[in-house]
Amino acid sequence: MLEIKNIFKTFNPGTINEKTALKGVSLTLNDGDFVTVIGGNGAGKSTLLNAIAGTWQVDSGSIIIDGKDVTNLPEHKRAKFLGRVFQDPMTGTAATMEIEENLALANRRGKCRGLKIGITAGERKEYKELLKILGLGLENRMTAKVGLLSGGQRQALTLLMASLQKPKILLLDEHTAALDPKTAAKVLDTTETIINRDKLTTLMITHNMKDAIVHGNRLIMMMDGKIILDISGEEKKSLTVEDLLHKFEEVSGEEFSNDKAILG
Amino acid sequence: MLLSLLNSMPGAVAFGLIWGIMAIGVYITFRILDIADLSVDGSICTGGAVCIMMIQKGYNFALAMLVAFLAGMLAGFVTGLLHTVLGIPAILAGILTQLSLYSINMKIMGKSNQIVNVDKYDLLVSLRYIRDVPFYRNSIFVISCLVLLLIGVLYWFFGTEAGSAIRATGCNRAMSKAQGINTSFYTVIGLMISNGLVAFSGALLSQYQGFADINMGRGAIVIGLAAVIIGEAIFSKVFRNFALKLLAVAIGGIVYYIVYQLVIWLGVDTDMLKLLSAAVVAVFLAVPYLKDKHFTKAFKKGEEK
């Protein structure tokens, strides 16, 4: 379970670039919730995810994962609870290391790294089976450098890495935005498969309203550093893109102007 | 004339191997951690100074070399703290350590240079142990064994969980943090191992030449980089394995010193050698960049058509 209580974050305070990206965001995710997050550019979606991940400390408020207050924990310690996939396929993997080495690194998330061998024979077998699920043939290229893989392959691998040690929360930051539509659909399918298999509590940012409606059991919309819509249950199931646009106008009092979000 | 060149070759090989160890240290920061660490100019002298002073005081050379290694690690630790805890850019952190080591090295030696006479003290390697000694005392043999041993240990270490974490840190810090790796901690560890190796090569160097000098580390980073680059230029197509890559760096050190001897033999003004070394390194560092730029341009043009 994730509890976010009234968090604030201002970047570059006291300068002309000052930007308050989160203005008192509160959000509670129950175990097994799959929440999609939408909103225009600069609405604070990525900032929210980074706040949870601990990329930097929030100015005020608290973040509680499974009853443990992680607000002051540095990023690498919080990683124990979190699985993450980034927008840029380059960010989630180590390009100069092998596929199996990347998996082995992820398999030790939240554990002490000592002088034991970095990857065991047993792990190799296990990874081979897991890679088959992706259906990309990566199980036959386990010693290939990740830098040789395509963006879609990398994102699929990053997803697998994020779920190797079952995370309390899975954070997906527009992880299909940099991919072509066909690959994006495939990676989303894999995402669904892994989330359902492990019953992961998930927060997924997307630019695509349709994806946000189709996936997950709950949808939140952000604007100007706040959550302005929170739809779940039956209401979410019957939601359409038009409904969403209407609701946005109702709540915000202006027209939704992000073409990319509408067309996507 | 040619004979003098040939005569200088065994010495060049021994020097090259010693600098090869130093270059392996540079490889760890420059290639694995992706940091240009300039503390090595100071820590190589620290290693030499510690080793010579301890041998003069009557300590065994093995102990002296171990302490030299630890002293180097301490120097790396300081650079690491300056960089990770205090947020000073890595290059500047290295320069600060390097400069402070000048004072420290002076204090260790008490003056700007100290000698050990191979007739008076038991040394592991020496200029005098190149000819007319049993093979197992031959300095080239001894240093070669040390190089192979070090490569073996490093190969093992960088295959462990901790070693993999250092490699991941150098490759992608964002990813490393997301996988729970304390990148600051492993950056410091990497810098410590690197400077430990550099100081160790300084300990060998000072024994081999019979003295430690406050200026012995001047431009060491450039020689180290040269060895790394030469090794990669010659062997990158053949050597893919990590241990072989380290071996390539050591061989790069030998090639550097053979070329060095050749240049001296050709009668080039020795004052010009550092300029020459720097120019060679600059060219080799620029080639991949220019190649990349040129290729991308060509590719874009092709696309427009």
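This write-up is about the structure you can find in this document. (Residues numbered from 1 in each chain as written. Chains lettered and ligands numbered in written order. Predicted model: local features only at pLDDT ≥ 70, side-chain atom pairs only at ≥ 80, totals over all residues. Heavy atoms only, no water.)

1. Some remarks on the nonpolar core
Okay, so step 1: If you look at the biggest cluster of nonpolar residues, it comprises 108 residues, and the most contacted ones within it are Ile 99, Leu 103 and Leu 131 of chain A together with Trp 19, Met 65 and Leu 204 of chain B.
Okay, so step 2: Excluding residues within four positions of it along the chain, Trp 19 of chain B makes contact with Ile 44, Leu 205, Met 216, Ala 220, Ile 223 and Tyr 257 of chain B.
Okay, so step 3: Ile 4, Ala 43, Trp 56 and Leu 171 of chain A belong to the second largest nonpolar core, which has 29 residues in total. (Core = buried A, V, L, I, M, F, W, Y, C linked by side-chain atoms within 4.5 Å. Buried < 20%, exposed > 50% of the residue type's maximum accessible area, 1.4 Å probe, protein only. Contact = heavy atoms within 4.5 Å.)

2. Concerning the interface of chain A and chain B
Okay, so step 1: Contacts between the two partners involve 28 residues from chain A and, on the opposite side, 21 residues from chain B.
Okay, so step 2: For the pair chain A and chain B, the two sides together bury roughly 2000 Å², of which 58% comes from carbon and sulfur.
Okay, so step 3: Three residues stand out in chain A for area buried against chain B, namely His 76, Arg 113 and Leu 115 of chain A, and they jointly supply 30% of the buried area on that side.
Okay, so step 4: Summed over the shared surface of chain A and chain B, the number is two salt bridges.
Okay, so step 5: Measuring nitrogen to oxygen at the nearest pair gives 2.8 Å for the salt bridge that ties Glu 161 of chain B to Arg 108 of chain A.
Okay, so step 6: On inspection of chain A and its partner chain B, the count reaches eleven residue pairs in polar contact (both at pLDDT 80 or more).
Okay, so step 7: Those elements that place two or more of their residues in the side of chain A that touches chain B are helix H2 (75-78), strand E6 (82-85) and helix H3 (99-107) of chain A.
Okay, so step 8: The biggest single contributor to the side of chain A that touches chain B is H3 of chain A, with four residues.
Okay, so step 9: A class-by-class count of the residues in the side of chain A that touches chain B yields 13 nonpolar, eight polar and seven charged. (Buried area = accessible area lost by both parts, 1.4 Å probe. Salt bridge = Lys/Arg side-chain N within 4 Å of Asp/Glu carboxyl O. Polar contact = N/O pair within 3.5 Å; in protein donor to acceptor, adjacent residues only side chain to side chain. Helix = DSSP H or I, 4+ residues; strand = E, 2+ residues; numbered from the N terminus. Nonpolar A, V, L, I, M, F, W, Y, C, P; charged D, E, K, R; others polar.)

3. A closer look at the packing of helix H9 (residues 220-235) of chain B against helix H10 (residues 242-265) of chain B
Residue and element names in this part refer to chain B.
Okay, so step 1: For the pair H9 and H10, the least separation of the axes is 7 Å and the interaxial angle reads 110°. Compared by their axis directions, H9 and H10 come out roughly perpendicular. Along its contact with H9, which presents Ile 223, Ala 226, Ala 227, Val 228, Ile 230, Gly 231, Ile 234 and Phe 235, the element H10 presents Ala 248, Val 249, Ile 251, Gly 252, Gly 253, Val 255, Tyr 256 and Tyr 257.
Okay, so step 2: Split by residue class, the contact of H9 with H10 holds 13 nonpolar, three polar and no charged. (Axes fitted to C-alpha atoms, helices over the stretch in contact; angles between N-to-C directions. Parallel < 35°, antiparallel > 145°, perpendicular 65-115°, else oblique.)

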